[in-house]
Amino acid sequence: MRSFLFVPADGGSKLDKAMASGADAVIVDLEDSVAASDKAATRKPAAQALSQPRRGRGYVRVNAASTPFCYGDLVETIHKGVDGVVLPKVESAGELHAIDWLLANLERERGIAEGSIDLMPQIETAAGVQRIERIVQARNLRAYKGPWRVKRVAFGAADYANDVGLSPTLGEPELAEARARIVMISRAGGLENPIDSPWFHLKEAEAFGRALQRSRRGGFQGRFCIHPDQIAPVNAAYMPTPEELAQAERIVTAFRQAEAKGAAAIQVDGQMIDYPVAYRAQSLLDAFQKTKR
């Protein structure tokens, strides 16, 4: 899951174009891109868009659990064509439990396999970043049986910066600590690597390329997109390069041969290789194989 393209729920023809794009997933947005006065009216078009054929997965971003819109957003948009829900501004485990409970009931009511709808929390406030450990641990505190639907979290840099009072520069070093915390807690909690925030500087292609490299090397598995032109760079950036794959192959092959002879520390291409490095190389190859299925 590399590219998630946002499209406004009231986007008209943009919805059709988004569904035909090369994004791994399309997120039909009922939150930031829709005015408060139009939110109720855009639920039906959002549900209809997610019932249409598409190339990738289909998500709906509802409004935050603390708003008066969230319940109606879910009740009016969830159907068999929806793969997942993006929940913004998550600040507590209780919010996830409440939405999980509601989704489970909607799934049972509408003939959808329970637990099959993905729930992706957005961490985008100071409280959310501070409490992310408890948010991730929500999977261990459920009051009823069934699969836990949260596979990964996502970072929302714009709302986080606004909440904290940051003014990020183009290289975004001001956000590095929050990003690192989200990656570390996600992995410690047994989740997939997280999804990074959108890039809003649409005319800064070179800076975007650098940001994508930092993001991938920093532990993110993909990125939110706000324009179709961002999909191809994102899809490419979160894939290993041919050089990285070739090096990983050399490492795995050489380490297996050394291990068979009783050695666990060797050199490959002038680099010291032991178990952690070999495991990382194997993980890279495994992840690449998954993208080809």
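Residues numbered from 1 in each chain as written. Predicted model: local features only at pLDDT ≥ 70, side-chain atom pairs only at ≥ 80, totals over all residues. Heavy atoms only, no water.

> Can you help me understand the environment of alanine 264 in this one?
Mapped onto the secondary structure, alanine 264 falls in the loop between α11 (242-260) and β9 (266-268). Given the relative accessible area of 32%, alanine 264 is considered partly exposed. For the pair formed by alanine 264 and alanine 278, sequence separation is 14 residues and the distance between their alpha carbons is 9.7 Å. Each residue touching alanine 264, except ones within four places of it in the same chain, is listed here: Phe255, Ile273, Asp274 and Tyr275. (Helix = DSSP H or I, 4+ residues; strand = E, 2+ residues; numbered from the N terminus. Buried < 20%, exposed > 50% of the residue type's maximum accessible area, 1.4 Å probe, protein only. Contact = heavy atoms within 4.5 Å.)

> Would you take a moment to explain unusual backbone geometry for this structure?
With the exception of glycine, the majority of residues adopt a negative phi angle, and the majority of peptide bonds are in the trans configuration. For lysine 89, which is not glycine, the phi dihedral falls at a positive 55°. In this structure, lysine 89 sits in the loop between β4 (84-87) and α4 (93-109). Looking at lysine 89, the relative accessible area reads 25%, which means it is partly exposed. One non-glycine residue with positive phi stands out, namely aspartate 269, at about 55°. Relative to the elements of secondary structure, aspartate 269 occurs in the loop between β9 and β10 (271-273).

> Which parts of the structure should I look at to understand the pairing of strand β8 (residues 222-225)?
Here is the key point about a regular strand: its side chains alternate between the two faces of the sheet. With 3 bridges connecting them, strand β1 (residues 3-8) and β8 associate as parallel partners. Counterpart to phenylalanine 4 in the pairing with β8 is phenylalanine 224. Bridge count between strand β7 (residues 195-196) and β8: 2 bridges; the pairing is parallel. Bridged to aspartate 196 within β8 is arginine 223. (Pairing = 2+ DSSP bridges.)

> How should I be thinking about helix α3 (residues 70-77) in this particular structure?
Burial in α3 covers these residues: Cys70, Gly72, Asp73, Leu74 and Thr77. Among the structural elements, α2 (39-49), β3 (57-61), β4 and α4 are those in contact with the buried residues of α3.

> Whenever I open this one, the pairing of β3 confuses me. Can you help?
Across the 5 residues that make up β3, a large majority, 4, are buried. Bridge analysis of strand β2 (residues 25-29) against β3 gives 5 bridges, and the strand direction is parallel. Bridge pairing in β3 links aspartate 29 to arginine 61. Between the parallel elements β2 and β3, the chain passes through α2 in a crossover that is right-handed. Examined bridge by bridge, β3 and β4 share 3 bridges and lie parallel to one another. Across the sheet, tyrosine 59 pairs through a bridge with glycine 84, a residue of β4. (Right-handed = clockwise from strand over helix to strand, strands pointing away.)

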